[in-house]
Amino acid sequence: MAIFNRDSDDEVARGARAIVVHAETHNAANAHDRRDSDARLEEARGLALAIGIDVRAAQAFRVRDRKPATLFGSGQVDQIATLARQEEAELIIVDNSLSPVQQSNLEKATEAKVIDRTGLILEIFGERAATNEGRLQVELAHLDYQAGRLVRSWTHLERQRGGFGFLGGPGETQIEADRRMIRDRMAKIRRELDQVTRTRGLHRARRQRAPWPVIALVGYTNAGKSTLFNRLTGADVMAEDLLFATLDPTMRQIALPGLDKAILSDTVGFVSDLPTQLIAAFRATLEEVLSADLIVHVRDIAHPDTEAQRNDVLDVLGELGVAGEAALDRGEGEPEPPPIIEAWNKLDLLDADAAALVHEQAARREDVVILSALTGEGIDLLQRTISDRMTRGAKVYGLRIPVSDGATLAWLHEHGEVLFNSIEGEENRVEVRLSDAAFARYSKRSRDQGVSDDA
């Protein structure tokens, strides 16, 4: 894997020497201010490690005003260049978003390749995408990102293509041709992703007809979602202490108390300042969260910036219309967003005093479960909590089902809690506890099949 850069034929490969720098701004509206610079630098190190970059040094710089030309002040740019030379760094990772002009000027001033946070995250996603859908989404995000950087990135843009014969004129410039090629490729990818979206929608509709409740795991990257997913399902999804260890969503069937069967979905991890190109490209995948019956927000409760990470996840969910003002301002007729519970993971990493404080905080909330996905502690409580939430508001219904209709009786056992069942003549008289959603699905089924009820 190589960092995407067309300034030369050389590529920055795994093991490349790099330094990480971060511009610490003081804008209260800036998401960067949610965590201190040390935490930002440590996360940037982790992002670089995720694609095998050798980070030699990391340093934060306090920036009062973001310089349009270089982001950093001139003296700070000189310090960055000196640090890069001292560490023999081939690459400078700026843990901020850079404009094309800023990226170009920094490369000239430091005589090193420069990549910003957005480009770094795109590289990680490009390496981790395992499915055709994931690769298309990443390529679309990459092209969208690079389209605005053609002025900086390409070295042959001064060339022009001539026309035919004597009347051809100068033709289109190379940069215009490159932009056209990118637009054409992006349009083709969007058409392919539209087909993927339609297919995903059909699968979603099929699950809703089946139907089994869907629980979606969301959380900051490296919060332990995949470890929890494996613990609950017995699956073998890649789970490592690595940022963005998994990318493509995975679904598995699980059994829960009183539900018998449900679908658990493991989604891609979120991160602060998740590139807008990725949110747009992965919208079809992330919208699986919208169709879930319940969202389990997995948090690394042992992380010093766990609250900031929580806010970053809620920001992305807000963009999807699941949380925050977007959820409150939904239009008439739009479905309510799924409820959210928090799984405070990595309890095993806390000492006794910290664990006691966490338990005290959780005791004041009904939507929190403390657990360790690694050791299994608290997993039973999480399963019961999920089941209670999924069956909250369930009512007891009296139903009459033909004795010959064993399929409907089996369906009731699968989707509810059968409290009583006796045979009277040609009918089963059944008392069953069903959620409103399950009863609505049963009613449709009974209308189609002519089954009566006493409810």
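Structure: above.
Let me begin by describing the structure that accompanies this report. All of these numbers come straight from a predicted model, not from anything done at the bench.

A closer look at the environment of Thr110
No. 1: Locating Thr110 in the fold gives a position in helix α3 (residues 100-110).
No. 2: Each C-alpha atom, one on Thr110 and one on Asp78, is 7.6 Å from the other, the two residues being 32 residues apart in sequence.
No. 3: One polar contact links the side chain of Thr110 to the main-chain carbonyl oxygen of Leu106, over a distance of 2.6 Å.

Things to note about the nonpolar core
No. 1: The biggest cluster of nonpolar side chains holds 37 residues, and the ones touching the most others in it are Ile53, Ile93, Val218, Phe270, Leu278 and Leu317.
No. 2: Among the elements of the structure, β1 (17-24), α1 (37-49), β3 (91-94), α4 (117-128), α5 (132-147), α9 (276-281) and α11 (306-319) are those that each provide at least two residues to this core.
No. 3: Each residue touching Leu278, except ones within four places of it in the same chain, is listed here: Ile121, Leu122, Phe125 and Ala141.
No. 4: Counting residues in hydrophobic clusters, the runner-up holds 22 residues, among them Ile215, Leu264, Val296 and Ile386.

Things to note about the sheet that holds strand β7 (residues 262-266)
No. 1: The sheet built from 6 strands is open, its strands ordered β6-β7-β5-β8-β9-β10 with mixed pairing. In this open sheet, the two edge strands, each paired with only one partner strand, are β6 (250-254) and β10 (368-370). Between one strand and the next, the sheet's axes are offset by a mean angle of 25 degrees, whatever the strand orientation.
No. 2: Inspection of the sheet shows β6 paired to β7 by 5 bridges, in the antiparallel sense. Paired with Ile254 across the strands is Ala262, a residue of β7.
No. 3: α11 rests against β5 (214-219), β8 (294-300) and β9 (340-345) of the sheet, and its axis sits at about 150 degrees to β8.
No. 4: Relative to β9, helix α14 (residues 379-391) is tilted by about 175 degrees, and along the sheet it contacts β5, β8, β9 and β10.

What to know about the side chain of Thr385
No. 1: Along the chain, Thr385 turns up in helix α14.
No. 2: A relative accessible area of 14% means that Thr385 is categorised as buried.

A few points about the sheet that holds strand β4 (residues 113-116)
Hydrogen bonds between backbone groups are what pair the strands of a sheet, and the pairing can be parallel or antiparallel.
No. 1: Within the open sheet, the 4 strands sit side by side as β2-β1-β3-β4. Their pairing is parallel. Taken across any chain shown, the strands that pair with only one partner, and hence form the sheet edges, are β2 (54-62) and β4. Shown here is a sheet whose adjacent strand axes are inclined to one another by a mean of 20 degrees, direction ignored.
No. 2: Bridge count between β3 and β4: 4 bridges; the pairing is parallel. From the neighbouring strand, Leu91 faces β4, where its bridge partner is Lys113.
No. 3: Of the strands in this sheet, β3 and β4 touch α3, which is tilted by about 145 degrees from β4.

Overview of the packing of aromatic side chains
No. 1: The full count for this structure, using the stated rule, is 4 aromatic pairs.
No. 2: With 5.8 Å between their ring centres and 80 degrees between their planes, Phe61 and Phe72 make a pair best called edge-to-face. Of this pair, Phe61 sits in strand β2 while Phe72 sits in the loop between β2 and α2 (74-86), and the two are 11 residues apart along the sequence. When sorted by exposure, Phe61 lands in the same class as Phe72, which is buried.
No. 3: Joined through ring pairs, the aromatic side chains of Tyr397, Trp411, Phe439 and Tyr442 make up one cluster.

Focus on α14
No. 1: With 13 residues, α14 should cover 18 Å at 1.5 Å per step; its first-to-last C-alpha distance of 18 Å lies within 8% of that length.
No. 2: Every buried residue of α14 is accounted for by Ile379, Leu382, Gln383, Thr385, Ile386, Ser387, Arg389 and Met390.

Some points on the pattern of salt bridges
No. 1: The final tally for this structure, using the stated rule, is 16 salt bridges.
No. 2: Across the pair Arg40 and Asp95 runs a salt bridge whose closest N-O atoms are separated by 3.2 Å. Here Arg40 is found in helix α1, whereas its partner Asp95 is found in the loop between β3 and α3, with 55 residues between them in sequence.
No. 3: In this structure Arg40 comes out as buried when scored by relative accessible area, which is 0%.
No. 4: The partner of Glu342 in a salt bridge is Arg299, and the shortest N-O contact between them spans 2.8 Å. Placement of the pair is Glu342 in strand β9 and Arg299 in strand β8, with a sequence separation of 43 residues. Neither residue differs from the other here; Glu342 and Arg299 are each classed as buried.
No. 5: Three or more residues are tied together by salt bridges with common partners; here these are Arg299, Glu307, Arg310, Glu342, Arg365 and Asp367.

Rules and cut-offs
Residues numbered from 1 in each chain as written. Predicted model: local features only at pLDDT ≥ 70, side-chain atom pairs only at ≥ 80, totals over all residues. Heavy atoms only, no water. Helix = DSSP H or I, 4+ residues; strand = E, 2+ residues; numbered from the N terminus. Polar contact = N/O pair within 3.5 Å; in protein donor to acceptor, adjacent residues only side chain to side chain. Core = buried A, V, L, I, M, F, W, Y, C linked by side-chain atoms within 4.5 Å. Buried < 20%, exposed > 50% of the residue type's maximum accessible area, 1.4 Å probe, protein only. Contact = heavy atoms within 4.5 Å. Pairing = 2+ DSSP bridges. Axes fitted to C-alpha atoms, helices over the stretch in contact; angles between N-to-C directions. Phe/Tyr/Trp six-rings, centres within 6.5 Å; stacked < 30°, edge-to-face > 60°. Expected span 1.5 Å × (residues − 1). Salt bridge = Lys/Arg side-chain N within 4 Å of Asp/Glu carboxyl O.

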